[in-house]
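# Per-entry structural report
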Amino acid sequence: MAPAFDSVLIVSFGGPQGRDDIRPFLANVLRGRRIPPERLEEVAHHYELFDGVSPITELTRKQAEGLRARLIAAGRLLPVYIGMRNWHPLLPDTLQQMHADGKRRAVGFIAAAHHSYSSCQQYRENVAAAQEALRAGGGHIDVTFVESWFDHPLFISANAFHVRDALRRLPAGVRPQARLIFTAHSIPKSMADSSQYQLQLRVSCEAIAAQVGMTWALVYQSRSGRPQDPWLEPDICEYLRREHEQGLAAAVICPVGFVCDHIEVLYDLDREAAEACASIGLPMVRAQAVNDDPLFLDMMADVVLKTIRRYETGRPLPITTKNPTTI
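Everything numeric here is computed off the predicted structure, so don't read it as measured data.

Across its full length, the protein chain holds eleven helices and eight strands. Expected size for 327 residues packed as a compact globule is a radius of gyration near 20 Å; at 20 Å, the protein chain falls within 12% of this value. Dimensions along the principal axes, computed over C-alpha positions, put the protein chain at roughly 65 × 45 × 35 Å. Relative to its 327 residues, the protein chain shows a buried fraction of 52%. Considering the protein chain, the positive charge centre built from 35 side chains and the negative charge centre built from 37 side chains are found 4 Å apart.

Once that is clear, we can look at the packing of helix α3 (residues 56-73) against helix α11 (residues 294-310). Between α3 and α11, the shortest axis-to-axis distance is 9 Å and the interhelical angle comes to 60 degrees. By the angle between their directions, the pair α3 and α11 is classed as oblique. The two elements α3 and α11 cross, and the hand of that crossing is right-handed. In contact with Lys-62, Gln-63, Gly-66, Leu-67, Arg-70 and Leu-71 of α3, α11 contributes Pro-294, Phe-296, Leu-297, Asp-298, Met-300, Ala-301, Val-304 and Leu-305. Here the residues of the contact of α3 with α11 are counted per class, giving nine nonpolar, two polar and three charged.

Time to look at the sheet that holds strand β8 (residues 284-286). An order of β6-β5-β7-β8 is seen for the four strands of this open sheet, with the pairing classed as parallel. The open sheet has two edge strands, β6 (216-221) and β8, and neither has a second partner. Neighbour to neighbour, the strand axes of the sheet diverge by 25 degrees on average, direction disregarded. In terms of strand pairing, strand β7 (residues 251-254) meets β8 through three bridges, oriented parallel. Each bridged residue has a counterpart across the sheet, and for Ala-251 the counterpart in β8 is Met-284. Packed on one face of the sheet, helix α9 (residues 236-245) meets β5 (179-185), β6 and β7 and runs near 160 degrees to β5. Across the sheet, helix α10 (residues 263-280) touches β5, β6, β7 and β8, and the angle it forms with β8 is around 175 degrees.

Turning to the pairing of strand β4 (residues 142-145), a few remarks are in order. Taking every second residue as pointing to the same face, both faces of β4 are buried, with Asp-142 and Thr-144 on one and Val-143 and Phe-145 on the other. Bridge count for strand β3 (residues 105-110) against β4 is four bridges, and the pairing is parallel. The residue of β4 that forms the bridge with Arg-105 is Asp-142. A crossover links β3 with its parallel partner β4, the connecting element being helix α5 (residues 117-136), and its sense is right-handed.

On to the nonpolar core, then. Trp-149, Leu-180, Val-252 and Phe-296 are the most contacted members of the largest nonpolar core, which has 64 residues in total. Leaving out residues up to four positions away in the same chain, Phe-296 has contacts with Gln-63, Phe-109, Trp-149, Phe-155, Ala-158, Val-259, Val-290 and Asn-291.

What follows concerns the pattern of salt bridges. Scanning the model with the defined rule gives 15 salt bridges in all. With a shortest N-O distance of 3.0 Å, Arg-135 and Glu-132 are connected by a salt bridge. Taken together, the residues span about one helical turn, with Arg-135 and Glu-132 both in helix α5 at a distance of three residues. The class for Glu-132 is partly exposed, based on a relative accessible area of 35%. Bridged by salt links that share partners, the residues Arg-23, Glu-41 and Glu-48 form one connected network.

Once that is clear, we can look at the sheet that holds β4. If you trace the four strands from one edge of the open sheet to the other, you get β2-β1-β3-β4, paired in parallel fashion. At either end of the open sheet lies a strand with only one pairing partner, and these are β2 (80-84) and β4. Ignoring which end each strand starts from, the neighbouring axes of this sheet average 30 degrees apart. Inspection of the sheet shows strand β1 (residues 7-12) paired to β2 by five bridges, in the parallel sense. Of the residues in β2, the one forming a bridge with Val-8 is Val-80. Its contacts with the sheet place helix α4 (residues 91-100) against β1, β2 and β3, and it is angled at close to 155 degrees to β2. In the packing of α5 onto the sheet, contacts are made with β1, β3 and β4, and the angle to β4 comes to roughly 165 degrees.

Parameters and conventions
Residues numbered from 1 in each chain as written. Predicted model: local features only at pLDDT ≥ 70, side-chain atom pairs only at ≥ 80, totals over all residues. Heavy atoms only, no water. Helix = DSSP H or I, 4+ residues; strand = E, 2+ residues; numbered from the N terminus. Rg over C-alpha atoms; globule rule 2.2 N^0.38 Å. Buried < 20%, exposed > 50% of the residue type's maximum accessible area, 1.4 Å probe, protein only. Lys, Arg positive; Asp, Glu negative; His and termini not counted. Charge placed at Lys NZ, Arg CZ, Asp CG, Glu CD. Axes fitted to C-alpha atoms, helices over the stretch in contact; angles between N-to-C directions. Parallel < 35°, antiparallel > 145°, perpendicular 65-115°, else oblique. Left-handed = near helix turned anticlockwise from the far one by under 90°. Contact = heavy atoms within 4.5 Å. Nonpolar A, V, L, I, M, F, W, Y, C, P; charged D, E, K, R; others polar. Pairing = 2+ DSSP bridges. Right-handed = clockwise from strand over helix to strand, strands pointing away. Core = buried A, V, L, I, M, F, W, Y, C linked by side-chain atoms within 4.5 Å. Salt bridge = Lys/Arg side-chain N within 4 Å of Asp/Glu carboxyl O.

Right, here's the structure in full:
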């Protein structure tokens, strides 16, 4: 029997790679949403501060390279492809390339740990749309996604390692009083109520905090909706100001909801949150996202290999619905 899988597909958000990419990229991100032009320009300015280059593309490539090397070490000579939702390499182009390379059965890894419509389900729909476009041209690729990994011990350990590293950068006198503050992307409350997003975030946060032995809180960042619509709160900057007034001595911020230090992390935390802390005299450090940490790459390999082994004696059944159910 032929192997159940012949490739791996990493599905990620994507990011611009220069100033000329910023507005076309944002048009992709915001397609179908009514965003005031002034808000679009505000977000574009965030990217301009970094010369229009988001680290997410390079970091995702490093994740793919690390995963491929680990699969080879495990005796699985599988190419690892990257398909982005919002910028190159775009998912439809990646699936076309995979098909041209003779690939027909891929393990899918969505680069988001916590499940909601925007963080996972939408990516599945993007993959389904790319598959449909491929079928329209006479091609076909099956994609079987790995299981959830928000509570995987290696994901937890990678974050804990980065938290400890950040804690060492705080002045020694305030370290014992420091609070571990986790951040994740805010989403509409209606979306959160219909998913496992908050529950899975809390499970991750509790496990990481237990490893480092710190008190913790979960807050949100990067809200983009209309002011009158309820989104998950509290906002990171509002939380820092309020808690400092009530005695918070120092903060270690961990972007647990992100697997790469992309622009939303760099701007919202390293600039906005850092400036808010500086203005009130609150010592603050930010832990890196998992990025290409070897522990995270080990975790990627583990969940991919588990998916491969699950179908050693037979191929997975293809998912035919355009809107597969979120795990």
